[in-house]
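Coordinate analysis (summary)
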Amino acid sequence: MELRIGFVGTGKFAEKHQRIVSQMEGVTTAAICGRTLESAERSAIQWPDAKAYGNTEQMLDECKPDAVYICVPPMAHGEIEMSLAERGIPFFVEKPLAIKTETIAAVRDKVAGQRLVTAVGYNWRYLDSVAKARELQQNATTGLALGYWMGGMPSTPWWRRREGSGGQFVEQSTHLVDLVRYLCGEVEEVYAAFGRRIVHESYEGADVADVGSVTMKLAGGIVATISNTCMLPRGHHTGLDLYTSSGVLEIRSAGLKAIGRDRTTEYRNGTDPYVLENAAFLHAVRTGDTSRIRSDYADAFRSFEVTAAANISAEEGRPVRL
Ligand SMILES: NC(=O)c1ccc[n+]([C@@H]2O[C@H](COP(=O)([O-])OP(=O)(O)OC[C@H]3O[C@@H](n4cnc5c(N)ncnc54)[C@H](O)[C@@H]3O)[C@@H](O)[C@H]2O)c1
């Protein structure tokens, strides 16, 4: 069965997913919707079968895609997902799901009611290093998780404003929050401290925090802390370290280092998590078998809630229970 795919968003990540699906058998980029018809036309020119739209509902009603990818900034979510859920169209949505819970709680309920096939771009879940860490965790007790997203300021203007991105913890470190949940269990309490050191003086209009640490208490007693900064002149490390009774598991996007009592073993990732997440979603759309999808809307909503709670905690200076 040929799958006809629609895209909402004409930026870097819409293009990344288009390039991946263009390599897949029986998948066509059939429609692209931009903020303006002109931006969609510029994007659609790359794909011979793609029709350009400047309005999502018009794209859905005219093109009737089998599935849609939503690749828009955090502040632009809510109505797009609702339009898809109302029409029963499966969707893949890039993280983060939104900035505020209120914007998308109704989407979560609608998606659940429709039993709609959804997938969310938490690509770290598809890493070989994460699968290996899960396997090694089976023989150990995990006690502590420490995560890091230490980098510079992305060039995208919407990223620098809280009302555009939700800030670094919501927009980037969400990958690590999601991994903590995937590997260690549900978060029950969040306490966050954020600060603004230089970024608001370095970039016009920037109001996001540029340093922060978030400590989370998990069901079962694991404690996790994720720290992030976007004030560095270049990227430093990004990843999650698990401290277990058998040693330390250092999870990175390139691989895993397992530090045991007597030896250290390094594993390198051999697969592309972006290809795997796309293949899992499109397999589910084609067959109804969702077993390969490692992050769906309902699950990702819980990761999103943790990051939204961190923003509340930092603003109000108190722990937030989930
Ligand atoms: N999973 C990953 O590794 C990963 C990596 C990069 C980006 N992303 C996510 O993908 C999403 C899109 O990121 P991107 O890098 O493609 O961004 P981008 O700025 O390159 O593109 C965003 C696109 O969204 C559309 N859009 C719709 N409403 C908009 C609005 N109100 N304001 C601005 N643009 C609007 C536009 O078509 C624009 O081209 C973000 O949520 C980002 O977090 C995920």
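Values in this document were obtained by computation on a predicted structure and should not be read as measured data. (Residues numbered from 1 in each chain as written. Predicted model: local features only at pLDDT ≥ 70, side-chain atom pairs only at ≥ 80, totals over all residues. Heavy atoms only, no water.)

1. Description of the environment of Ala 14
- Counting through the fold element by element, Ala 14 comes out in helix H1 (residues 12–22).
- Each C-alpha atom of the pair Ala 14 and Lys 64 lies 19 Å from the other, and the pair is 50 residues apart in sequence.
- With sequence-adjacent residues up to four places away left out, Ala 14 is seen in contact with Phe 7, Gly 9 and Cys 71. (Helix = DSSP H or I, 4+ residues; strand = E, 2+ residues; numbered from the N terminus. Contact = heavy atoms within 4.5 Å.)

2. Looking at the packing of aromatic side chains
- Tallying each qualifying case throughout the model produces nine aromatic pairs.
- Between the aromatic rings of Phe 13 and Tyr 274, the centroid separation amounts to 5.6 Å while the plane-to-plane angle is 65 degrees, which identifies the pairing as edge-to-face. A residue pair is termed long-range when its members are at least 10 positions apart, and Phe 13 in helix H1 and Tyr 274 in helix H11 (residues 273–287) qualify at 261 residues.
- Residue Phe 13 is classed as partly exposed on the basis of its relative accessible area of 31%.
- Taking the centre distance of 5.6 Å and the plane angle of 90 degrees together, the rings of Tyr 69 and Phe 281 count as edge-to-face. With Tyr 69 in strand S4 (residues 67–70) and Phe 281 in helix H11, the pair connects residues that are 212 residues apart, well separated along the chain.
- Phe 281 gets classed as buried once you look at its relative accessible area, which sits at 0%.
- In this structure, Lys 16 packs its charged tip against the face of Tyr 274, placed 4.4 Å from the ring centre.
- Of note, Arg 134 hangs over the ring of Tyr 182, and the distance from its end group to the ring centre comes to 4.0 Å. (Phe/Tyr/Trp six-rings, centres within 6.5 Å; stacked < 30°, edge-to-face > 60°. Buried < 20%, exposed > 50% of the residue type's maximum accessible area, 1.4 Å probe, protein only. Lys NZ or Arg CZ within 6 Å of the ring centre and 35° of its normal.)

3. Observations concerning the sheet that holds strand S6 (residues 118–120)
- Spatial ordering of the open sheet is given by S3-S2-S1-S4-S5-S6, a layout of six strands whose pairing is parallel. Two strands close off the open sheet at either side, each with one partner strand: strand S3 (51–53) and S6. Ignoring strand direction, the axes of neighbouring strands in this sheet form an average angle of 20 degrees.
- Sheet topology note: the strand S1 (residues 3–8)/S4 ladder contains four bridges and is parallel. Bridge assignment links Val 8 to a residue of S4, and that residue is Ile 70. (Pairing = 2+ DSSP bridges. Axes fitted to C-alpha atoms, helices over the stretch in contact; angles between N-to-C directions.)

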